[in-house]
Amino acid sequence: MKLVLANCSASLSELKRDPAAVLAAAGGAAVAILNHNEPTAYLVPADTYEWLLDRIEDADLAQTVRERQSQLGEAIEVNLDQL
């Protein structure tokens, strides 16, 4: 049995019957969509999805910064006037 990672859940039938009601019942939180009592998808509000994408992008940028900081010893000092 898979772990349901949401406080609200709905069956595929409920989602098909009235998607707006499913979203309203969740109150802005993620909804686990169940098929035969197993989570098959998660429905998240657009604002939450955008926030998640921003967090992923921030984590990727932080990783790039860490990688570049570890390469500071290989950096070549440059004077902007010489460019």
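Residues numbered from 1 in each chain as written. Predicted model: local features only at pLDDT ≥ 70, side-chain atom pairs only at ≥ 80, totals over all residues. Heavy atoms only, no water.

J.: Explain unusual backbone geometry here, please?
T.: Most peptide bonds take the trans form, and the phi angle of most residues other than glycine is negative. Positive phi values are uncommon outside glycine, yet His 36 reaches one of about 55 degrees. Tracing the backbone shows His 36 in the loop between β2 (31-35) and β3 (38-43). (Helix = DSSP H or I, 4+ residues; strand = E, 2+ residues; numbered from the N terminus.)

J.: Mind showing me how you'd approach the pairing of β2 here?
T.: Residues in a regular strand point their side chains to alternate faces of the sheet. Most of β2 is tucked away: 4 of the 5 residues are buried. Bridge analysis of β2 against β3 gives 5 bridges, and the strand direction is antiparallel. Note on β3: the bridge partner recorded for Asn 35 is Glu 38. In textbook terms, the turn of a hairpin is the stretch between consecutive antiparallel strands, and for β2 and β3 this stretch comprises 2 residues, one of which, His 36, has a positive phi near 55 degrees. (Buried < 20%, exposed > 50% of the residue type's maximum accessible area, 1.4 Å probe, protein only. Pairing = 2+ DSSP bridges.)

J.: Where do I start with the sheet that holds β2 in this structure?
T.: By way of backbone hydrogen bonds, the strands of a sheet pair with one another, either parallel or antiparallel. Strand order in this open sheet of 3 strands is β1-β2-β3, and the pairing throughout is mixed. One side of each edge strand has no neighbouring strand; the edge strands of this open sheet are β1 (8-11) and β3. For this sheet, the mean inter-axis angle between neighbouring strands, taken without regard to orientation, is 35 degrees. In the sheet, β1 pairs with β2 via 4 bridges, with the strands oriented parallel. Directly across from Ala 10, in β2, lies its bridge partner Ile 33. Sitting on the sheet, helix α2 (residues 19-26) touches β1, β2 and β3, and the angle it makes with β1 is about 165 degrees. (Axes fitted to C-alpha atoms, helices over the stretch in contact; angles between N-to-C directions. Contact = heavy atoms within 4.5 Å.)

J.: It is not clear to me how the nonpolar core should be interpreted in this structure. Could you clarify?
T.: Nonpolar side chains in soluble globular proteins tend to be buried together. Grouped together as the largest cluster of nonpolar side chains are 6 residues: Cys 8, Ala 10, Val 22, Ala 26, Val 31 and Ile 33. When contributions to this core are tallied by element, the ones reaching two or more residues are β1, α2 and β2. The residues contacting Ala 26, other than those within four sequence positions of it, are Cys 8 and Val 31. (Core = buried A, V, L, I, M, F, W, Y, C linked by side-chain atoms within 4.5 Å.)

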